[in-house]
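Tertiary structure, described
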Amino acid sequence: MAATRRELLGGLALGGGALALGTGAQAQEALTAETLQCAEGLFGIDYTESEVEQMIIGLDDWAESAARLRAIDQPNTLQPATTFDPRLPGMTYETHAAGSGLVPGEDPGPVPSAEIDIAFAPAWKQSIWLRTGQISSERLTRIYLDRIERFGAALECFVTVTPGLAMSQAREADAVHARGEPTSPIHGLPYALKDIIDVAGIRSTWGATPYQDRVGEIDAAAYERLRDGGAVLLGKSTSGAIAYNDLWFGGLTRNPWNTDEGSSGSSAGSASAVAAGLASFAIGTETLGSIVSPSHRCGTTGLRPTFGRVSRAGAMSLCWSLDKIGPITREVADTALILGVLNGHDVADASSLDTNFGVDWSFDPSRLRVGHIPGDFDNAAPPDRAALQAVRDLGCELVEIEMPDLPYGALATVVEVEAAAAFEELTLAGRDDALRWQEPQAWPNTWRRARLRSAVDYINVDRFRRSVCEVMAGIFEQCDVVIGPNFASNMLLITNFTGHPGLIFRSGFVDRSLNPLTASGAEPLDTTFRMPHGTSLWGPLFREDRLLQLGRAIKSRLGMSDERPEQFS
């Protein structure tokens, strides 16, 4: 089958402007007038016979050029010359309100006597306990390593655990704290790193069978900043294969609230580990929902930063104009500690932007104008409606907004085409068959389909993307923050493509049946389970502080912080 597919792609691979595999002579034989006429329906075009005859002239040279291009080594680290910038020409952007504190100025209380309570404590509290000498990083790290040993296999949330490195970094962090010289609020906090972010000398498998023995050669920028900030690496958390879904080469990452269900993806292991109390925090990535979806499923807090705020250098590239790195935590305030360390310009990432970050925790969120689409809440889950009511109760000004009726789904073309380019070698060599997930919506099929996309249509989708950026700029002229169900009104898709930041937090619980699509082939169950449910906030470019100020106030009013997955408590 692989050879047949390669022959097909060689005869008619019009997507992205490439025409053929192999030599120009082979392509000339395959690309006849009849071949081109058969393709007209696919691209929605209609040419006359004479026009088709003219088109064929010179295609052998084009095919030869395409074949030579494919022979050039273009590693995953090679970035396109064209880069996406979410900022609109002529606009100025605020970065953060007055005050740059990252840790809330509150008393965290004493260190709990029970280790289980320490493990599930918010990172901001752990940060203060470490700084004041009430707990050591070595003890905190040992608590998490012990829990990983007990529960990691059941959750399938770690692909590699690094106990030796973790204990070494923890002892070093304790020495720094003893000297009173911590470099950041996360100094000494143990964390999990998504397995598409490289650490030199440690496996970075991208969750995929073809790369399961891959070892990182350099330290990714995100890891360097976390290391320099004193964080302690517990290990690499599982990622769905090539950053999609929760199925990886070694298993299915499980949801701690119901281990018969997958944790969703692709930051599957990061969300699962944090929800189960196996780390102080974790690092995830998002291209089109990979922080939001597992956080929604596992009841964690996820912060997707403004595009360009956090360097992706040294991380697997899936979609250069969309990939983002951000924290997954148990509490909203925790995300500020981590983003403050990750933030910063990096010349190694062509899309990196130079901006600062801070949060004024004394700011009164009732001063914010909060936009919402009324229809999204008519049939929303009770936790979403409760979150909206909490906004009212806080005294915020609610602003009704309306998104223009536009073909937002067309934007998904960008993901398919860029991902297909990033992993062209797997498609053309037939190695995509080694990936475990082979459904129509899985990467192998979408990559093959992407090669039949018109390059002209792709550019026009990109132009449409710019107009959607203008739409969102208009929305944030009306309000400071938007609240809504995570997946309503295409807001997840839209804000990923426009580069706007998003925050998801646990807003309540719902009764849900097991999702058979992620249950490793299990039969659907009639039993329902009480499962966590998340709600999203979206904000202007670079104004993550507004999301955190409002999100923390809503979550506090809802009282949704104390419940834990029973099996791991």
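Residues numbered from 1 in each chain as written. Predicted model: local features only at pLDDT ≥ 70, side-chain atom pairs only at ≥ 80, totals over all residues. Heavy atoms only, no water.

Comments concerning the pairing of strand E13 (residues 481–485)
Counting buried positions along E13 gives five out of five residues, so the element sits mostly inside the fold. In this sheet, E13 lies alongside strand E11 (residues 369–372) in parallel orientation, the contact comprising two bridges. In the strand pairing of E13, Val 370 is matched with Val 481. (Buried < 20%, exposed > 50% of the residue type's maximum accessible area, 1.4 Å probe, protein only. Helix = DSSP H or I, 4+ residues; strand = E, 2+ residues; numbered from the N terminus. Pairing = 2+ DSSP bridges.)

A closer look at the sheet that holds strand E3 (residues 232–237)
Hydrogen bonds between backbone groups are what pair the strands of a sheet, and the pairing can be parallel or antiparallel. In space, the eleven strands of this open sheet follow the order E1-E3-E2-E8-E10-E9-E14-E15-E13-E11-E12, with mixed pairing throughout. Two strands lie at the open edges of the sheet, namely strand E1 (158–161) and strand E12 (397–400), each paired on one side alone. Here the average twist between neighbouring strands, direction ignored, is 30°. Judged from the four bridges that link them, E11 and E12 form a sheet pairing that is parallel. Counterpart to Val 370 in the pairing with E12 is Leu 398. Set on the sheet, helix H15 (residues 382–394) makes contact with E11, E12, E13, strand E14 (502–513) and strand E15 (528–538); between it and E14 the angle comes to about 135°. (Axes fitted to C-alpha atoms, helices over the stretch in contact; angles between N-to-C directions. Contact = heavy atoms within 4.5 Å.)

Observations regarding the environment of Ala 350
Looking at the secondary structure, you find Ala 350 in the loop between helix H13 (332–342) and E11. Overall, Ala 350 belongs to the partly exposed group, its relative accessible area being 45%. Among all residues touching Ala 350, those that are not within four sequence positions of it are Gln 79 and Thr 83.

A word on the side chain of Ser 263
Along the polypeptide, Ser 263 turns up in the loop between strand E7 (258–262) and helix H11 (268–275). By relative accessible area, which is 0% here, Ser 263 ends up buried. Within the structure, the side chain of Ser 263 is placed 3.2 Å from the backbone oxygen of Ala 268, a separation counted as a polar contact. Setting aside its immediate chain neighbours within four residues, Ser 263 contacts Asp 246, Thr 253, Arg 254, Asn 255, Ala 268, Ser 272, Pro 294, Arg 297 and Cys 298. (Polar contact = N/O pair within 3.5 Å; in protein donor to acceptor, adjacent residues only side chain to side chain.)

Some words on the confidence of the model for the protein chain
Across the protein chain, the average pLDDT comes to 91, with 92% of residues at 70 or higher. The lowest-confidence element of the protein chain is helix H1 (residues 2–11), averaging 32 in pLDDT; the highest-confidence one is strand E2 (residues 190–194), averaging 99. Ignoring residues within four places in sequence, the model shows residues 1–28, a span with pLDDT below 50, making 63 contacts including any to other chains. In the model, residues 517–521 has pLDDT below 50 throughout and makes eleven contacts with residues more than four positions away in sequence or in other chains. (pLDDT = per-residue confidence, 0-100.)

Focus on the nonpolar core
By size, the foremost hydrophobic cluster in this structure holds 137 residues, and its most contacted members are Leu 226, Ile 242, Ile 283, Phe 423 and Ile 554. Counting residues in hydrophobic clusters, the runner-up holds six residues, among them Leu 31, Leu 36, Val 52 and Leu 59. (Core = buried A, V, L, I, M, F, W, Y, C linked by side-chain atoms within 4.5 Å.)

What about helix H21 (residues 544–558)?
Compared with an ideal rise of 1.5 Å per residue, which puts 15 residues at 21 Å, H21 spans 21 Å between its outermost C-alpha atoms and is within 8% of the ideal. Most of H21 sits inside the fold, with twelve of its 15 residues counted as buried. Residues of H21 that are buried include every one of Glu 544, Asp 545, Arg 546, Leu 547, Leu 548, Gln 549, Leu 550, Gly 551, Ala 553, Ile 554, Lys 555 and Leu 558, and no others. (Expected span 1.5 Å × (residues − 1).)

Here we look at the packing of helix H3 (residues 33–43) against helix H4 (residues 49–56)
For any two helices packed against each other, the geometry comes down to the angle between their axes and how far apart the axes lie. Across the interface, H3 lies against H4 with an axial gap of 9 Å and an inter-helix angle of 115°. Viewed along their axes, H3 and H4 form a crossing whose handedness is right-handed. Contact with H3, carried on its side by Ala 33, Leu 36, Gln 37 and Glu 40, involves Glu 49, Val 52, Glu 53, Met 55 and Ile 56 of H4 and no other residues of that element. Residues belonging to the contact of H3 with H4 are distributed by class as follows: five nonpolar, one polar and three charged. (Left-handed = near helix turned anticlockwise from the far one by under 90°. Nonpolar A, V, L, I, M, F, W, Y, C, P; charged D, E, K, R; others polar.)

Comments concerning the packing of H15 against H21
H21 packs onto H15 with a crossing angle of 105° between their chain directions and a minimal axis gap of 9 Å. Taken together, H15 and H21 sit at an angle that is classed as roughly perpendicular. Residues Ala 386, Ala 387, Ala 390, Val 391, Asp 393 and Leu 394 of H15 pack against Leu 550, Ala 553, Ile 554, Arg 557 and Leu 558 of H21. Its residues placed into classes, the contact of H15 with H21 shows nine nonpolar, no polar and two charged. (Parallel < 35°, antiparallel > 145°, perpendicular 65-115°, else oblique.)

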